[in-house]
Amino acid sequence: MYRLTEVGNVAGEGAQRKAATRSPDGPAKVTITEIAREAGVSVPTVSRVVNGRSDVSPATRARVEDLLHRHGYQRRPAATAERAALLDLVFNDLDSPWAVEIIRGVEEVAHEAGVGTVVSANHDRAGAARQWMTNLRARASDGVILVTSVLEPGLHDELRRLGVPLVVIDPAGSPATEAPTVGATNWAGGMAATEHLLGLGHRRIGFIEGPPRLLCSRARLDGYRAALDVAGVPVEDELIVPGDFYHESGFTGCNRLLDLADPPTAVFAASDQMALGAIEALRRSGLRVPEDMSVVGFDDLPEVRWSAPPLTTVRQPLSDMGKLAARAVLDLARDVAPPSPRIELATELVVRASTGAPREA
């Protein structure tokens, strides 16, 4: 199971990491951070050895145990009950169905590993990220999965100092650290959606873009542009309108396209929610989908199979992305490097009833 929290509302959860000390008459104190540095492993790995957990390789366990013995580390009798294993899953916002799909994937892997999940959202509030970091220290988290969000460089440095591994899903811009990233083939998906419409005979294809700060948004737009270029169809700036992945911007963007002197015959929205907003705009304008205008989305959320008409879209495996990110961060916590710093899962065009040939002029 997972705990759903708002940043700033979680305080004092879990036990603080305890500094280990030598016996009272010993000459010096030693912390698990120092043990981890000398062993060449993460702080959570040393903590797992101290707490007697099994998810540490025999070679690593032997190296850490040897250092603990040499430094005279005193295990606390109740160490194994001091804290639960936890992953932090951090979103910018939680008001989207795709967030639920990612949570589902992370939770499945975490549950199998006996690890709890704490889900947070920062909502771009001032100071929210630093409050989250304070809460994370209190929880003594084993790892962090960051979704389409940005942490200040100083907070990335703090995660490294604490020895807490980080994995990023759909990074916003170039990742500020060497953290592994998980995503989908957004460029290929954008190209496939546009090629589908071109293959039906459409030549004026509108595009409702996502937030330009996100790499996935820019890749979908680049795929749209590439498909038009390959087909010899000019890219017209007036057919590209801004959006933010949510229903309202799809509704507004589609109305903006309808207001053109020569409206498009098809619309490719960079998210399913925007595609559903576009369909509503067409309905209110007395237009039919796909008879008057075809619509394609991106995500393949469960709800779009039940839209009217069912939505043609590009499926990105959101739940699988969550699973991969969870496995990667748990591996990093065990000092196992991922096979690649960038993992991309394939997208797939799913054709349903919202697309068809353009109406005869």
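How each quantity is defined
Here, residues in each chain are numbered from 1, in the same order as that chain's written sequence. pLDDT decides what is reported in this predicted model: residues at 70 or higher carry local features, side-chain atom pairs at 80 or more are listed and counted, and totals for whole chains, interfaces and linings draw on all residues regardless. The side-chain quantities take in all heavy atoms of the structure and omit both hydrogens and water. Helix and strand definitions here come from DSSP, where helices need a minimum of 4 consecutive H or I residues and strands a minimum of 2 consecutive E residues; each element is numbered from the N-terminal end. For the exposure calls, accessible area comes from a 1.4 Å probe over protein chains only, and a residue counts as buried if that area is under 20% of its type's maximum, exposed if over 50%, partly exposed in between. Here, two residues are considered to be in contact whenever any of their heavy atoms come within 4.5 Å of each other. Accessible surface area values rest on a Shrake-Rupley calculation with a 1.4 Å probe, where residue burial reflects the displayed protein chains alone. Strands are labelled as partners when DSSP assigns at least two bridges between them. Throughout, an axis means a line fitted to C-alpha atoms (over the contacting stretch in the case of helices), and angles, computed between N-to-C directions, take values from 0 to 180 degrees.

Chemist: Describe the overall build of the protein chain, naming the residues involved and giving the relevant values.
Modeler: Counting secondary structure elements, the protein chain contains 11 helices and 13 strands. Going through the 361 residues of the protein chain one by one, you find that 55% of them count as buried. Considering only contacts within the protein chain whose residues lie at least 6 apart along the sequence, 74% involve residues at least 24 apart. When the accessible surface of the protein chain is split by element, carbon and sulfur atoms take 54% of a total near 16,000 Å².

Chemist: Any details on the pairing of strand β4 (residues 143-147)? Residues and values, ideally.
Modeler: Among the 5 residues of β4, 5 are classified as buried, and the element is accordingly described as predominantly covered. Here β4 shows a buried face lined by Gly 143, Ile 145 and Val 147 and a second buried face lined by Val 144 and Leu 146. The sheet contact formed by strand β2 (residues 86-91) and β4 spans 5 bridges and is parallel. Considered in β4, the bridge of Val 90 is made with Leu 146. Pairing of β4 with strand β5 (residues 166-169) involves 4 bridges; the strand directions are parallel.

Chemist: Lay out the side chain of Gln 273 with the relevant residues and their values.
Modeler: Locating Gln 273 in the fold gives a position in helix α10 (residues 272-284). Setting aside its immediate chain neighbours within four residues, Gln 273 contacts Asp 95, Ser 96, Pro 97, Trp 98, Phe 245, Tyr 246, His 247 and Leu 301.

Chemist: Give a detailed account of the sheet that holds strand β13 (residues 348-350), specifying residues and quantitative values.
Modeler: Two strands in a sheet stick together by hydrogen bonds in their backbones, pointing the same way (parallel) or opposite ways (antiparallel). Strand order in this open sheet of 6 strands is β8-β7-β9-β10-β11-β13, and the pairing throughout is mixed. The open sheet has two free edges, formed respectively by β8 (240-241) and β13, since each of these has just one partner strand. When strand β11 (residues 312-315) meets β13, the two strands line up antiparallel, connected through 3 bridges. What sits directly across from Arg 315, in β13, is Glu 348. Set on the sheet, helix α7 (residues 186-199) makes contact with β7 (205-208), β9 (266-269), β10 (294-299), β11 and β13; between it and β10 the angle comes to about 165°. Helix α8 (residues 215-230) contacts β7, β8, β9 and β10 of the sheet and is inclined by roughly 170° relative to β7.

Purely spatial values, then, with no claim about function.
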